[in-house]
Protein chains: 4
Amino acid sequence: MSAVKGARTKRMPRAVREQQMMDAAVRTFGQLGYRAASMDEIAELAGVSKPLVYLYLNSKEELFTACIRREAQRLTEAVQAAIQPGLTADRQMWAGLEAFFRHTQENPDGWSVLHRQARTHGEPFAAEVARMREEIAAFVTVLIGAAARQGVPPAPGATGSNRSAELADRDVEGLAQALVGAAESLAGWANEAGGISAKEAAGLLMNFAWTGLGGLMHGERWSPR
Amino acid sequence: MSAVKGARTKRMPRAVREQQMMDAAVRTFGQLGYRAASMDEIAELAGVSKPLVYLYLNSKEELFTACIRREAQRLTEAVQAAIQPGLTADRQMWAGLEAFFRHTQENPDGWSVLHRQARTHGEPFAAEVARMREEIAAFVTVLIGAAARQGVPPAPGATGSNRSAELADRDVEGLAQALVGAAESLAGWANEAGGISAKEAAGLLMNFAWTGLGGLMHGERWSPR
Amino acid sequence: MSAVKGARTKRMPRAVREQQMMDAAVRTFGQLGYRAASMDEIAELAGVSKPLVYLYLNSKEELFTACIRREAQRLTEAVQAAIQPGLTADRQMWAGLEAFFRHTQENPDGWSVLHRQARTHGEPFAAEVARMREEIAAFVTVLIGAAARQGVPPAPGATGSNRSAELADRDVEGLAQALVGAAESLAGWANEAGGISAKEAAGLLMNFAWTGLGGLMHGERWSPR
Amino acid sequence: MSAVKGARTKRMPRAVREQQMMDAAVRTFGQLGYRAASMDEIAELAGVSKPLVYLYLNSKEELFTACIRREAQRLTEAVQAAIQPGLTADRQMWAGLEAFFRHTQENPDGWSVLHRQARTHGEPFAAEVARMREEIAAFVTVLIGAAARQGVPPAPGATGSNRSAELADRDVEGLAQALVGAAESLAGWANEAGGISAKEAAGLLMNFAWTGLGGLMHGERWSPR
DNA sequence: TATGAATGAGTGTTCATTCAT
DNA sequence: GATGAATGAACACTCATTCAT
């Protein structure tokens, strides 16, 4: 971020250089994709010679994996840091979404690495992201459950019973999947074309999904009769 | 699909050969990605010599673009064919979703090309997919509007007015984006890990989104406070 | 041999080009060694672009193996062609040795590939040469046996019995090994420093070894004491 | 030999460090070959940092040369130490061979460096080994001469005259070459495949060569006719 | 209509070697 | 006496693309 193009600064401790390299790598991978990104380019952007990149990070694959891991951790940390345990479920979810949209907006290349590149280039990488996704999905699942117990939007004249209706595990998984997908899609759109703020995106998604989730918890179902 | 490996059949009319090549290309691009797929591989899978591929399709980029266009058209056609004009808005949306999930399930490589590969490899290709996405989003927007007029899930004690509330264009776009994202994510999950049918996926998504959409139309809003 | 440096002749049938490449490879490997030889160099010497070398011969390793095989076959063929079945054992051996020395003299690079390079660079290659060596050693063993039956240099007052004495298999192997080693060493010396003809080398080796072999067959032994 | 892997012991006198490095180098060169051995590997095996290797031994080439020299000296010393001046020529030769086979068996990496690697990698190195070879060959030549004067295996009914026949210098050189080659070949075989002891190998070679040599000294000749 | 023959330009990776401390 | 940090130059290998037939 500081040096747009390799201003070959000399003699840095290893840890620092490694971060510089990964910054350059995330940027390059994020914008060009795994295959199109060349180690030459990354090295130059990092202001280092190529052998040094290999000395520290061993191979393109390992470098990519390291990027994925770092960005995944940063993202989950950002989301989790935003959630304050004392709040109601809906407030928690909103806070999490807002942090998610904010973080992806501020780190578009990291987000591209996670969302687009990693999932596009074979098992080993996809698995790395899948872990993060599951972590988040699990968390969302918990929120949904909590919401149900706290009494979610009652939807007064609802056809279902008032007690939290049973939702098959599979369905919950699917819902989390849908929610995360919606958020991801929205993130991409908000950052590129939409030009809306993280807060707006979070509100939009809450409006879109929260009521439906609540309804489901109370046993409402849509069915093509 | 017919010939697993290039059974060099001779002298075919151009149109047929072209389709064979694109079949091979979609399969290869879908499974390996744009950069990892090699023209050699595609030509061999198509049962043709490489120069012929170039003769008909000019370059790797054009070939990829052609694949995207073909698959995008097939997908939108499948979705639109499923929608019968006479039905209510919710039935129409359900039918569209069902067709979407079915088609992506039956054409995983084509779906991979559209969803993963095309969007991962630079503007020219992403634009091609964006067109399709907009087409669908526009269509969804119309449905939402129609739903509002037909009186969507009234949510009886709703806080909003009964008249269809104004939704900013930007918001509608965002909603469509979220819906499509949710559907895409669900499609990936359904095909790979989830193992659920197209009908189930469509139902799940309707449950998830339809109430919320309806609520929005009637002016309900979730807001953090 | 014709073109000292890549006179890029155009459009040759594959078989011809392959031989050209292998000629260049044998020369380069023979003079520089496996590791020091670069594919660029080989390609240039062959008057071809590097990708073509890979297209036809797949990898440096396979190219090297192909060279070894070709040169091994040529050498054994040369030796075997020289041996006329009707002759006595000693004449046969002499003829074989003479052919061996002649061939190695005329193909120093091929000989270097077989004798030096192949055995120096790891199992897969050494095994290839070992096959040839065993073929020749087996052949030599047969000759020794035949010699014994035909009555080899009687060594008139020999201390051993007149019947062909038993030689343990292990010993015969060892003898063949020694003979082949002597021949190889002599070949190197004759070609480089010695400047003696193939005929002379063959005579020298017969003088050196034949009597001893004969003695052994009749049970003579040297023992320290 | 003491430390299998660089147990970075600190602050050693230069001479000791140098020997450690050369031990590591001989091992690495012997097993991997000159080109395949990397300075990194050698430094690590020696338990030293790479710059130190350069400080003491200047370059890969010089390091290799130093290894060759050291191993060559050790080998010739071992051989010469085994020979007791008072003995008959044949006993001397046997003792020398035995020492040769024993030493190579006990120092396979050093032997590999001398026999395989040095001769395979260009003039500068080969010359170093050639010197050792010549030293030994010269010594063998002397032995052969001595044997002639002492009256070697008379081969009682020999066709040649009883006086030591004239052998052209060139021939003697060639014979020594053959003998050394046979010994070398036998050494490789004995160590790897044959699994025979140094004593056995020496005996085998004496049986193989000594009679022939003796015959030659008395003017016996094999000639093709 | 269709292909065997051929290549320029680039990729990831490694290695011997040197500073600065 | 000893090392962590760094690189220029090369190497094996691949790919999209074209030419001549």
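Residues numbered from 1 in each chain as written. Chains lettered and ligands numbered in written order. Predicted model: local features only at pLDDT ≥ 70, side-chain atom pairs only at ≥ 80, totals over all residues. Heavy atoms only, no water.

## As for the overall build of chain A
- The secondary structure content of chain A amounts to 9 helices and 0 strands.
- Going from the N terminus to the C terminus, chain A shows its helices and strands as α-α-α-α-α-α-α-α-α.
- Partitioning the intrachain contacts of chain A with sequence separation of at least 6 by distance along the chain shows that 75% fall at a separation of at least 24. (Helix = DSSP H or I, 4+ residues; strand = E, 2+ residues; numbered from the N terminus. Contact = heavy atoms within 4.5 Å.)

## Notes on the pattern of salt bridges
- In this structure the tally under the stated criterion is 44 salt bridges over all chains.
- The partner of E98(A) in a salt bridge is K199(A), and the shortest N-O contact between them spans 3.6 Å. Of this pair, E98(A) sits in helix α5 (residues 89–106) while K199(A) sits in helix α9 (residues 198–217), and the two are 101 residues apart along the sequence.
- Judged by its relative accessible area of 9%, E98(A) falls in the buried class.
- Classification of K199(A) by relative accessible area gives partly exposed; the value is 49%.
- Two residues, R70(D) and D23(D), come together in a salt bridge whose shortest N-O distance is 2.9 Å. Separated by 47 residues along the polypeptide, R70(D) in helix α4 (residues 60–82) and D23(D) in helix α1 (residues 14–32) bring together distant segments of the chain. (Salt bridge = Lys/Arg side-chain N within 4 Å of Asp/Glu carboxyl O. Buried < 20%, exposed > 50% of the residue type's maximum accessible area, 1.4 Å probe, protein only.)

## Re the protein's contact with DNA strand F
- Around DNA strand F, the surrounding shell holds 37 residues, and the nearest of these are R11(A), P51(A), K50(B), K50(C) and K60(C).
- Separating a phosphate oxygen of DNA strand F from a side-chain N or O atom of Y54(C) is a distance of 3.0 Å.
- S49(D) is positioned with one of its backbone polar atoms (N or O) 3.1 Å from a phosphate oxygen of DNA strand F.
- Elements represented by at least two residues in the surface near DNA strand F include exactly α1 (14–32) and α3 (50–57) of chain A, α3 (50–57) of chain B, α3 (50–57) of chain C together with α3 (50–57) of chain D.
- For the surface near DNA strand F, the element with the highest residue contribution is α3(D), accounting for 4 residues.
- For the surface near DNA strand F, the residue count by class is 18 nonpolar, 6 polar and 13 charged. (Near = heavy atom within 4 Å. Polar contact = N/O pair within 3.5 Å; in protein donor to acceptor, adjacent residues only side chain to side chain. Nonpolar A, V, L, I, M, F, W, Y, C, P; charged D, E, K, R; others polar.)

## Description of the relation of the copies chain B and chain A
- Between chain B and chain A, the superposition needs a rotation of 179 degrees and an axial shift of 0.0 Å, giving an RMSD of 0.3 Å. A rotation of that kind, with that shift, is consistent with a two-fold axis. Ranked by how close their C-alpha atoms come to the rotation axis, the residues of chain B are headed by A182(B), at 2.2 Å. (Least-squares fit on C-alpha atoms with pLDDT ≥ 70 in both.)

## What about the UniProt feature "DNA-binding region" (unreviewed entry) in chain A?
- The feature "DNA-binding region" (unreviewed entry), as annotated in UniProt, sits at residues 38–57 of chain A in this numbering.
- As a span, residues 38–57 of chain A carries 80% helix and 0% strand, and end to end its C-alpha atoms are 14 Å apart. (UniProt positions renumbered as here; feature names shortened; annotations may be inferred.)

## Focus: the relation of the copies chain D and chain C
- Mapping chain D onto chain C calls for a rotation angle of 178 degrees and an axial translation of 0.1 Å; the resulting RMSD is 0.3 Å.
- The share of interface residues of chain D whose copies in chain C are also at the interface is 96%, consistent with both copies meeting through the same surface.

## Side note on the packing of aromatic side chains
- With the rule as written, the count across this model stands at 32 aromatic pairs over all chains.
- Each member of the aromatic cluster is reached from another via a ring pair, and the members are F29(A), Y34(A), F64(A) and F125(A).
- It is K60(B) that lies over the ring of Y34(B); its NZ or CZ is 4.8 Å from the centre. (Phe/Tyr/Trp six-rings, centres within 6.5 Å; stacked < 30°, edge-to-face > 60°. Lys NZ or Arg CZ within 6 Å of the ring centre and 35° of its normal.)

## Comments concerning the interface of chain D and chain C
- Opposite the 45 residues of chain D that make contact, chain C presents 43 residues.
- The contact between chain D and chain C buries some 4000 Å² in all, and 65% of this surface belongs to carbon and sulfur atoms.
- Across the chain D-chain C interface, the total number found is 0 salt bridges.
- Inspection of the region where chain D meets chain C yields 9 residue pairs in polar contact (both at pLDDT 80 or more). (Buried area = accessible area lost by both parts, 1.4 Å probe.)

## Overview of the protein's contact with DNA strand E
- The environment of DNA strand E is made up of 38 residues, and the closest members are K50(A), Y54(A), K60(A), R11(C) and K50(D).
- Counting only atoms of DNA strand E within 4 Å of the protein, the fraction found in sugar and phosphate groups is 54%.
- Within the contact set of DNA strand E, a phosphate oxygen lies 3.4 Å away from a backbone nitrogen or oxygen of R14(C).
- At a separation of 3.2 Å, a phosphate oxygen of DNA strand E approaches a polar backbone atom of A37(D).
- Only α3 of chain A, α3 of chain B, α1 (14–32) and α3 of chain C together with α3 of chain D provide two or more residues apiece to the surface near DNA strand E.
- Of the residues that constitute the surface near DNA strand E, the class distribution is 18 nonpolar, 6 polar and 14 charged.

## What to know about unusual backbone geometry
Residues and elements named next belong to chain B.
- The backbone phi angle of N58 is positive, close to 75 degrees, even though this residue is not glycine.
- Examined against the element boundaries, N58 turns out to sit in the loop between α3 and α4 (60–82).
- A relative accessible area of 44% means that N58 is categorised as partly exposed.

## Description of the interface of chain B and chain A
- Each partner contributes residues to the interface: chain B has 44 residues there, and chain A has 45 residues.
- Buried area between chain B and chain A, summed over both chains or domains, comes out near 4000 Å², and the portion from carbon and sulfur atoms is 64%.
- A per-residue breakdown of the area chain B buries against chain A is headed by N207(B), F208(B) and W222(B), which together make up 21% of the total.
- Counting across the interface, chain B meets chain A through 0 salt bridges.
- Run the count over chain B and chain A and you get 9 residue pairs in polar contact (both at pLDDT 80 or more).
- Here the side of chain B that touches chain A is composed, by residue class, of 20 nonpolar, 12 polar and 12 charged.

## Notes on the nonpolar core
- F101(A) and F101(B) are the most contacted members of the largest nonpolar core, which totals 136 residues.
- Look past the residues within four positions of F101(B) in its chain and what remains in contact with it is A183(B), L186(B), A187(B), A198(B), A201(B), A202(B) and L205(B).
- L179(C), L213(C), A24(D) and V180(D) belong to the second largest nonpolar core, which has 134 residues in total. (Core = buried A, V, L, I, M, F, W, Y, C linked by side-chain atoms within 4.5 Å.)

## A short note on the confidence of the model for chain A
- Per-residue pLDDT for chain A averages 83, and the proportion of residues at 70 or more is 86%.
- Below a pLDDT of 50 lies the segment residues 154–164 of chain A, which in the model reaches 15 contacts outside its immediate sequence neighbourhood of four places, other chains included. (pLDDT = per-residue confidence, 0-100.)

## Quick word on α9(A)
All names here are of chain A.
- Look at α9: 27 Å from first C-alpha to last across 20 residues, which is about the 28 Å you get at 1.5 Å a residue.
- Maximal helix bending in α9 amounts to about 30 degrees, located at M206.
- Extensive coverage of α9 is indicated by the burial of 17 of its 20 residues.
- In the stretch just after α9, G219 is the one whose phi turns positive, near 90 degrees. (Expected span 1.5 Å × (residues − 1). Bend = angle between axes of the 7 residues up to and from the residue.)

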